[in-house]
Amino acid sequence: MLVSIEEWIRKVRTNMEELLPEKEPVSINTFGIDVEEYIREKLPDAIVRVFVSAPAYLLEGVECRDILSPEKRQDGSGRVVFPEKVLKILSFKMKGWNRPVTRFIDSRHAKNELQYNRYIRGGMNKPVAVLSMSAEGKVVLDYYSLPAFVREHEIESAIYVPIPENIDGSYNVPDRLIDAVGYVCAAMVYEILGQSEMAAQMFGRVLLPDL
């Protein structure tokens, strides 16, 4: 759902004013400054923070298999470089796999070392995908694996969440995450204002993990 920045400002301000003393005048200048600029500044970060923590079923992913080109290795593994503006990969599946990968690891994960052994690494029944970043800042996915005799590697599905962008003065956020973004943005503004207790209360109203 596209929500204009002006609507976001009103929503975040309302969230912040919920914690003010009852006799305090309701005003965007209540804190002695115009918090509107802080809300504008923190809104993109708040959206990213919520998207990163949200479970996949609450997010709206983009299918991008048609713009990806897998780089096959001789041992049956391969590599895919995603578009530049990727925030989170939700699902990845090569043709020939019996199920997609929905839990990804990075190069520091203990399971990564196992992928160098063709006898115990991921395969068609239990595929593994390792994420890293290229020098150009693009998301790189190394997949394990397909049988070495498979001549052509084809992607069946690759779904990702793009980095949120300002679209003509609005941000596209799934309906079920709008309230979470409003509270997280309010919390982040409170942090700027040095109001740590109020920030904690705002974060406490978000029913998402890892915030």
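Residues numbered from 1 in each chain as written. Predicted model: local features only at pLDDT ≥ 70, side-chain atom pairs only at ≥ 80, totals over all residues. Heavy atoms only, no water.

(A) Geometry of the pattern of salt bridges. For the coordinates displayed, the defined rule picks out 15 salt bridges. The partner of Lys95 in a salt bridge is Glu154, with the nearest N and O atoms 3.4 Å apart. With Lys95 in the loop between strand S5 (86-94) and strand S6 (105-106) and Glu154 in the loop between strand S8 (139-144) and strand S9 (155-162), this pair connects stretches of sequence that are 59 residues apart. The exposure class of Lys95 is partly exposed, given its relative accessible area of 43%. A residue is classified by how much of its surface remains accessible, and Glu154, at 34% relative accessible area, is partly exposed. Here Asp106 and Arg108 are joined by a salt bridge, their closest N and O atoms 2.8 Å apart. Its relative accessible area of 27% is what places Asp106 among the partly exposed residues. On the accessibility criterion, Arg108 (74% relative accessible area) is exposed. (Salt bridge = Lys/Arg side-chain N within 4 Å of Asp/Glu carboxyl O. Helix = DSSP H or I, 4+ residues; strand = E, 2+ residues; numbered from the N terminus. Buried < 20%, exposed > 50% of the residue type's maximum accessible area, 1.4 Å probe, protein only.)

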